[in-house]
Amino acid sequence: MSRLDVRKTYKLYIGGKFPRSESGRSYEVVSATGDFIANAAMGSRKDVRDAVVAARGALGGWSGTTAYNRGQVLYRVAEVLEGRRAQFVDEVGAAEGLPARAAGAVVDAAIDRVVWYAGWTDKIAQVLGNLNPVAGPFFNVSAPEPTGVVGILAPQSSSLLGLVSVIAPVIASGNTVVVVTSADRPLPAVTLGEVLATSDVPGGVVNIITARTAEVATWLAAHRDVNAIDLTGVAGADGVDWAALEAEAAGNLKRVYRPALVGGAPVEPDWTADPGLGRIRAFVETKTVWHPKGL
Amino acid sequence: MPKFEYAPAPESRAIVTIEKSYGLFIDGAFTRPRATFPTLNPADETVLAEVSQASPEDVDTAVAAARRAYEGVWGRMSGAERGKYLFRIARILQERAREFAVLETLDNGKPIKETRDVDVPVAAAHFFYHAGWADKLEYAGLSASGADVPRPHGVVGQVIPWNFPLLMLAWKIAPALATGNTVVLKPAETTPLSALLFAEVCQQADLPAGVVNIITGDGSTGQALVEHPDVDKIAFTGSTDVGKAIARSIAGTSKKATLELGGKAANIVFDDAPLDQAVEGIVNGIFFNQGQVCCAGSRLLVQENVHDQVVAKLKRRLDTLRVGDPMDKNSDLGAINSRAQLDRITSLVEAGVAEGAERWSPECTLPAKGYWFPPTVLTGVSQTHRVATEEIFGPVLSVLTFRTPQEAVAKANNTAYGLSAGVWTEKGSRILWMADQLKAGVVWANTFNRFDPTSPFGGYKESGYGREGGRHGLEAYVTTAPATLTGAAR
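Residues numbered from 1 in each chain as written. Chains lettered and ligands numbered in written order. Predicted model: local features only at pLDDT ≥ 70, side-chain atom pairs only at ≥ 80, totals over all residues. Heavy atoms only, no water.

Student: Kindly report on the overall build of chain B, identifying the contributing residues and their values.
Tutor: Along the backbone of chain B there are 15 helices and 21 strands. Relative to its length of 490 residues, chain B is compact, with a C-alpha radius of gyration of 22 Å against a globular reference of 23 Å. Dimensions of chain B, computed from C-alpha atoms along their principal axes, come out at roughly 65 × 50 × 35 Å. Each of the 490 residues in chain B was classed as buried or not, and the buried ones make up 62%. Just so you have it, chain B exposes about 17300 Å², and 51% of that area is on carbon and sulfur atoms. On chain B, the mean spot of the 49 positive side-chain charges and the mean spot of the 55 negative ones are 3 Å from each other. (Helix = DSSP H or I, 4+ residues; strand = E, 2+ residues; numbered from the N terminus. Rg over C-alpha atoms; globule rule 2.2 N^0.38 Å. Buried < 20%, exposed > 50% of the residue type's maximum accessible area, 1.4 Å probe, protein only. Areas by Shrake-Rupley, 256 points an atom, 1.4 Å probe, with all protein chains shown as cover. Lys, Arg positive; Asp, Glu negative; His and termini not counted. Charge placed at Lys NZ, Arg CZ, Asp CG, Glu CD.)

Put into structure tokens, the structure is as follows:
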């Protein structure tokens, strides 16, 4: 007799805890071949708002830690990811319809991506900031600071590599995030939440909502306590009008990271390409401080 | 304290020739004046000249000229050659500095000592600074990854405000040209003349036709420019409401935008600050340019135990300010730029008094004609008062108090804006702690209202996005995305 396995309940990740959706709703997640995998929580407007409150609450602490500390926490995420490698290979394989070998390569790339960003945390200010030689007796320095609470529509196709590629650059500089996962491939994101929860990432720094993108994206884009929004996940999302989301974001002048466009249509980026500095640069604000020099 | 008597020392206006009427500057030449409206001297309400209201068709023509210049000449020119044009422009601005200062004071109403010592020289400095970048962009650290070379967007539509007409023009045009873009710029409706004189500078510099186009008009002209389908990037300085409208209008397109919008800066004075210096900083912070400055220190946050002392010193200092003829070299404060702005200031101050603030102004005799408002201090202001939350854009200081540094930070950051802030204290560690906590793009510590082409300027939150000036200011005018892709962060 084979043993009956113990299945996991996939829930949201908000404020360091794993609640079900306050709406009580769930939806079926199927594999690339159409087989039932699990019921995921179907996040709601209220879940998004709760997540924003958690992210705002965590911002002071996370942005106030040293860059060295954030780097170590991110590296710890990579360590714990590595330890869960087999689980992610299964989940990514099922979600994306990849054979084990290909899924393994994706998971490895995701782990390496987190390591890459772990090494960035204490370089960002050096690369993006500088002294300014003003024409007068003043000390004048410009340095990047985190933008604040960032809403992210995670990519629809790449359920883990794409996901870490949009989260890591944003938290590396000290932002906190609310992520709406891939609608149809949400399970690796929930497991990533478990990794974050055991990696010394403070609760509320990353909040993960599994949901129908079209339903909750508007609330995230319109939320007045969100400072920036990444629209990457509009590519391939059902019923999402990214122009309308960008227009909503104008209500409090959110910084908008637009989707990559080919021929005017959003496309998901190639996540295996060199990520570059673009996503770090997009979610920082430059602050310039002046002080007189004199006796 | 009695005011020293000064004999009037008016600057001569003979140095500048103002035409009776102006056309638009498109494709290197002026069009014939059409559909004109007057621009006034706000100090005496006399008409200075008639300028043309650019129609949507005119906007079309200007954008087409900019596109041709971009594709035919400017976009292909080497950075070194572009840079030399910018150096020429900087030099001509310096050569004609007095002329620009006089014209700007006549059209804007600000004191000649400000246009002479700040607006015009800093505008020239912006061209000089950016000239040097034109052939060094690959060294600016703007590439998304190591290999990409920054490229211009193409045609840039720029809409600027009336508070620093020439200086805002320089902030906009210098980086755009240095990075290889061409420009269609609309100056403010009430202050078009220095931009039209700048067109003449472009001609003297032999700048290729169409690289810079100047179109005058009201908000509808600006809207037509912003919404024009062949404009690749928008640069706007003005109100937060218009900034939001622009952000909405370009949503879902591949147009980029930088927005420099409103502010409600806190100027924070601790009890250990050198109070006489702080008072000078407070005065400079809110009365420079009649307070018509987006980064003005309009909220004075003073530590409670020195409140009375600071306010007394401030009033004593304000008693010595000279308000009057902007052309007089002794004037500290000039005229408000327009009737509309004067009405707005007046109504907000009345609202402040109605909400319980106490109003004080030094004794001063305001000229009978023109748009004038005395320097005004509102004490007893609380955080919910309109004069503590809304941008007044006038010579009006709202005074609030705090007890602890934490309270000062909480109050300073309690605004939708985030453009600038000031801190006055002798304690170095406190300055750096405060600078970290303040959510503002520019923090002036023991100084205020300093500007330099090398120093990035721009806001957090609803004060807009993007930076102008410095290495960071170049970022808005280039792209490093692969040519097959558009979108991504603007």
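Here the narrative resumes, following the displayed structure.
Student: Explain the overall build of chain A to me, using residue names and the numbers behind them.
Tutor: Summing up its helical and strand segments, chain A has 10 helices and 11 strands in all. Projecting the C-alpha coordinates of chain A onto the three principal axes gives extents of approximately 85 × 40 × 40 Å. A burial count over chain A gives 57% of its 295 residues as buried. Partitioning the intrachain contacts of chain A with sequence separation of at least 6 by distance along the chain shows that 78% fall at a separation of at least 24. (Contact = heavy atoms within 4.5 Å.)

Student: Report on the environment of A:Val216, specifying residues and quantitative values.
Tutor: Residue and element names in this part refer to chain A. Tracing the sequence through the fold places Val216 in helix 8 (residues 213-222). As a C-alpha pair, Val216 and Val92 span 124 residues in sequence and 24 Å in three-dimensional space. In this structure, Val216 is in contact with Gly43, Ser44, Arg45, Val48, Val180 and Ala211, ignoring residues within four places of it in sequence.

Student: Can you break down the interface of chain B and chain A residue by residue, with the values?
Tutor: In this assembly, 56 residues from chain B lie in contact with 46 residues from chain A. Between chain B and chain A, the buried area comes to about 3800 Å², and carbon and sulfur atoms account for 51% of it. For the pair chain B and chain A, the interface holds three salt bridges. Across the pair A:Arg281 and B:Glu475 runs a salt bridge whose closest N-O atoms are separated by 3.7 Å. (Buried area = accessible area lost by both parts, 1.4 Å probe. Salt bridge = Lys/Arg side-chain N within 4 Å of Asp/Glu carboxyl O.)

Student: Explain the side chain of B:Asn41 to me, using residue names and the numbers behind them.
Tutor: Residue and element names in this part refer to chain B. Take Asn41: it is sitting in strand 4 (residues 36-41). Residue Asn41 is classed as buried on the basis of its relative accessible area, which comes to 5%. Not counting chain neighbours up to four residues away, the residues in contact with Asn41 comprise Thr46, Leu48 and Leu106.

Student: Requested: an account of the pattern of salt bridges, with residues and values cited.
Tutor: Scanning the model with the defined rule gives 38 salt bridges over all chains in all. Residue A:Arg212 is joined to A:Asp184 by a salt bridge in which the shortest nitrogen-to-oxygen separation is 3.2 Å. Here the residue A:Arg212 occupies a position in the loop between strand 7 (206-209) and helix 8, and A:Asp184 occupies one in the loop between strand 6 (176-180) and helix 7 (187-197), the gap between them amounting to 28 residues. A:Arg212 gets classed as partly exposed once you look at its relative accessible area, which sits at 32%. With a closest N to O distance of 3.5 Å, B:Arg98 and B:Glu11 form a salt bridge. Highlighted residues: B:Arg98 in helix 3 (residues 97-108) and B:Glu11 in the segment before strand 1 (21-22), separated in sequence by 87 residues.

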